[in-house]
Structures are given as C-alpha cells and as structure tokens.
Amino acid sequence: MVRLAKAGHKVYAGVRNPGTADDLKAAIEQVEQAGGTIAMLTLDVTEEGSIQNAIGSVLAAEGRIDVLVNNAGISSRGSVEETPLEVFRGVFETNFFGLVAVTQAVLPGMRERGAGAIINVGSLAGQMAFAAHSVYAPTKYAVEALTEILAQQMLPFNVRVAVIEPGVIP
C-alpha cells in the first residue's frame, strides 16, 4: 500500500474502526511526507451499508476501481469441540463472506470495463491446517477455493484474480 502510494497510485484503505488504526495513520503520514496519498475509509466488511458507502465514495471520487485487495481478516484459535458455533460464524463472516461482498461490489465495473485485478489475502493456513487453527484455517481454505473459481470466471473479462498466502505474520 505504501509503495503503491509513493509510486503515485491513488490508494484507498478501508478500516473497520478508524480510531484504532494507528499503524495505518502512521503509514498515511509517511506517504504524505513522500508526496503520495492514502485515503482512509471506514469499511466494515460484515455490513452491507458500510461496503456500499465505502465503494460508492471511491467511485464518486475516481469513477472506477482498478484494483481491489481484500485483506480484512480476524483469527480465532481453539478446538472444534470447544469453540462455540457463533465464533465460527463470526470469523467466516469477516474472512470469507466479507471478502465475497466487497468483491461483488466492485466486479460489475471491472467486468464492464474489461479490466481490473482482485487480490485476495489468504494464508498459508489455506494450504495446510494446524490443530490450533480450527476456526481460521477453514476460512482461508474457502478464500483459496473462491479465488481459483473467480479467476476462471473473470478470465473472459480480462479481470485478473489472485491469492497471496503469507505465513505467520507477527
């Protein structure tokens, strides 16, 4: 994000709670000192209205969205047996269904223009499951599968779709 903004690209960064986004605020300050810009948007990927407001504000300002990076994610650890179903649902709501909802909001414009890119941030946990990740890993496996499917579906429209699967991030 910082590199893209410093290179002159217009970057919009969605965050669920701007009041707690200290790292993003520091990145924005760093980029502004280098002559670039990152605009912070309030975006809760689990709320349809929030998605529409965020995407709508970017479209109103820019007229289009060229690249979407789906990076929202939360984690939860525990065993399948002891983790309440509500926890599973909550993590899936953010990590998978939120990603789908934001993607659906930008796809029509990309498809109509015949250009665009969607980058989904998955995880190594979407390739290999570990016992403690009984809630998190299934969401990342789902992101992996969805990305492969969407890449096939968008190929005729020149919309590139990829997944990035980092390992442990401190």
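Just so it is clear, the model here is predicted, and its values are computed rather than measured.

*Asks:* Can you tell me about a nonpolar patch on the surface, naming the residues and giving the values?
*Replies:* On the surface, a cluster of nonpolar side chains totalling about 270 Å² of accessible area is made up of L124, M128 and F130. Mapped onto the elements of the fold, L124 is located in the loop between β4 (116-121) and α5 (136-154). A relative accessible area of 35% places L124 in the partly exposed class.

*Asks:* Tell me what's going on with the pairing of strand β2 (residues 38-42), and back it up with residues and numbers.
*Replies:* Pairing of strand β1 (residues 11-15) with β2 involves five bridges; the strand directions are parallel. Within β2, the residue paired with A13 across the bridge is M40. Between β1 and its parallel partner β2, the chain crosses via helix α2 (residues 22-33), and the hand of that crossover is right-handed.

*Asks:* Explain the sheet that holds strand β3 (residues 67-70) to me, and be specific about the residues and the numbers.
*Replies:* Taken together, the three strands give an open sheet; going across it, the order is β3-β4-β5, and neighbouring strands pair in parallel fashion. Strand pairing shows two members of the sheet lacking a second neighbour, β3 and β5 (159-164), which therefore form its edges. Averaged over all pairs of adjacent strands, the angle between strand axes in this sheet comes to 10°, irrespective of strand direction. Pairing analysis gives four bridges linking β3 to β4, with the strands arranged parallel.

*Asks:* Run through the pattern of salt bridges, naming residues and quoting values.
*Replies:* Inspection of the entire model under this criterion finds four salt bridges. Across the pair E62 and K10 runs a salt bridge, and its minimum N-O distance is 3.1 Å. Placement of the pair is E62 in helix α3 (residues 48-62) and K10 in the loop between α1 (2-6) and β1, with a sequence separation of 52 residues. Given a relative accessible area of 28%, E62 falls into the partly exposed group.

What counts as what
Residues numbered from 1 in each chain as written. Predicted model: local features only at pLDDT ≥ 70, side-chain atom pairs only at ≥ 80, totals over all residues. Heavy atoms only, no water. Patch = residues over 30% accessible without salt bridge, like charges linked within 9 Å, V, L, I, M, F, W, Y side chains within 5 Å. Areas by Shrake-Rupley, 256 points an atom, 1.4 Å probe, with all protein chains shown as cover. Salt bridge = Lys/Arg side-chain N within 4 Å of Asp/Glu carboxyl O. Helix = DSSP H or I, 4+ residues; strand = E, 2+ residues; numbered from the N terminus. Buried < 20%, exposed > 50% of the residue type's maximum accessible area, 1.4 Å probe, protein only. Pairing = 2+ DSSP bridges. Right-handed = clockwise from strand over helix to strand, strands pointing away. Axes fitted to C-alpha atoms, helices over the stretch in contact; angles between N-to-C directions.

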